[in-house]
Amino acid sequence: NIQSGKLEVWPGMSLSDVLSLAEDGDEIVIADPGLYDQQTVVIDKSVTILGPNAGVSATDPNRQTEARFSQGFEILAPNVTIDGIRIQSTIGTSNGIELASGATGTLIKNTVIRGSFAENGLAGSHGVLGRGQAKFDNVSLRNWSSAGLIYEGELTFDDCTVSDNRSGFTLQSE
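Residues numbered from 1 in each chain as written. Predicted model: local features only at pLDDT ≥ 70, side-chain atom pairs only at ≥ 80, totals over all residues. Heavy atoms only, no water.

Thoughts on the nonpolar core
- In terms of nonpolar packing, the biggest core is built from 34 residues, with Leu15, Ile43, Phe73 and Phe136 touching the most fellow members.
- Mapped by element, the contributors of at least two residues to this core are helix H1 (15-21), strand E2 (27-30), strand E4 (41-43), strand E6 (67-69), strand E7 (73-75), strand E10 (95-99) and strand E14 (133-137).
- The biggest single contributor to this core is H1, with three residues.
- Setting aside its immediate chain neighbours within four residues, Phe136 contacts Ile97, Leu99, Ile108, Ile113, Val128, Leu155, Thr156, Phe157, Asp158 and Cys160. (Core = buried A, V, L, I, M, F, W, Y, C linked by side-chain atoms within 4.5 Å. Buried < 20%, exposed > 50% of the residue type's maximum accessible area, 1.4 Å probe, protein only. Helix = DSSP H or I, 4+ residues; strand = E, 2+ residues; numbered from the N terminus. Contact = heavy atoms within 4.5 Å.)

Focus on the pattern of salt bridges
- Counting across every chain of the model gives six salt bridges.
- Of the charged contacts in the structure, one is a salt bridge between Lys109 and Asp83, with a shortest N-O distance of 3.9 Å. Within this pair, whereas Lys109 is found in strand E11 (residues 106-109), its partner Asp83 is found in strand E8 (residues 81-83), the two being separated by 26 residues in sequence.
- Accessibility expressed as a relative area gives 25% for Lys109, which makes it partly exposed.
- On the basis of relative accessible area, Asp83 is assigned to the buried category, the value being 5%.
- For the salt bridge of Arg131 with Glu98, the shortest nitrogen-to-oxygen distance reads 3.4 Å. Taken together, the residues Arg131 in the loop between strand E13 (126-130) and E14 and Glu98 in strand E10 connect sequence positions 33 residues apart.
- Of the residues examined, Glu98 reaches a relative accessible area of 22% and is grouped as partly exposed. (Salt bridge = Lys/Arg side-chain N within 4 Å of Asp/Glu carboxyl O.)

Here we look at the sheet that holds E13
- Spatially, six strands are ordered E4-E7-E10-E13-E16-E19 in an open sheet, and the strand pairing comes out parallel. Each edge of the open sheet carries a strand with a single partner, namely E4 and strand E19 (167-171). Taken over all neighbouring pairs, the strand axes of this sheet differ in orientation by 10° on average, direction set aside.
- Taken together, the three bridges between E7 and E10 define a ladder with parallel strand orientation. From the neighbouring strand, Phe73 faces E10, where its bridge partner is Ile97. (Pairing = 2+ DSSP bridges. Axes fitted to C-alpha atoms, helices over the stretch in contact; angles between N-to-C directions.)

With respect to unusual backbone geometry
- Of note, the phi angle at Asn79 is positive, near 55°, even though the residue is not glycine.
- You can see Asn79 is positioned in the loop between E7 and E8.
- You will see that Asp159, though not glycine, has its phi angle at about 55°, which is positive.
- Position of Asp159 relative to the elements: it lies in the loop between strand E17 (154-158) and strand E18 (161-163).
- The exposure class of Asp159 is exposed, given its relative accessible area of 63%.

What to know about the packing of aromatic side chains
- Counting across every chain of the model gives four aromatic pairs.
- Both rings, one in Phe69 and one in Phe73, keep their centres 5.2 Å apart while their planes meet at 70°; by these two values the pair is edge-to-face. No difference in accessibility class separates Phe69 from Phe73, as the two residues are buried.
- With a centroid separation of 4.8 Å and an interplanar angle of 15°, the aromatic rings of Phe136 and Phe157 are classed as stacked. Here the residue Phe136 occupies a position in strand E14, and Phe157 occupies one in strand E17, the gap between them amounting to 21 residues.
- Taking the relative accessible area as the measure of exposure, Phe136 reaches 0% and is therefore buried. (Phe/Tyr/Trp six-rings, centres within 6.5 Å; stacked < 30°, edge-to-face > 60°.)

Shown next as structure tokens:
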């Protein structure tokens, strides 16, 4: 957007393509609800991603139609913020959000991370796979084989809804 200086993603565009143009510190706005990337979105820059439901709790009944991503996010960079989107897994999706060990200072808020476990029984899928450091605030994690698998790092969950998963959180070393 020339006036605001923010990068925008509109239906039919790819967040991954916009991320390739982004620089550390950029704000990316998902402008409208709709289906976006259908492959894993890899975030390798310190950016803020704001969806149409930024600032609206994942459990708020007044939430608008979602900007949906169907194959999860892999966060490699530090200081990433994601606010107000829906990650809706499809058959074969391994994880909703995967945090690499270098992903520190991550903030995931007002985001729905929905698995497909109830539909297909896929074992081994995780709402969150953690190796980094992140805070989850007003997030909904549902329908995963496991809500989360934490290998290392520090994950904090504030005012989150975790339900209808085969299991809760697992701590495990690699």
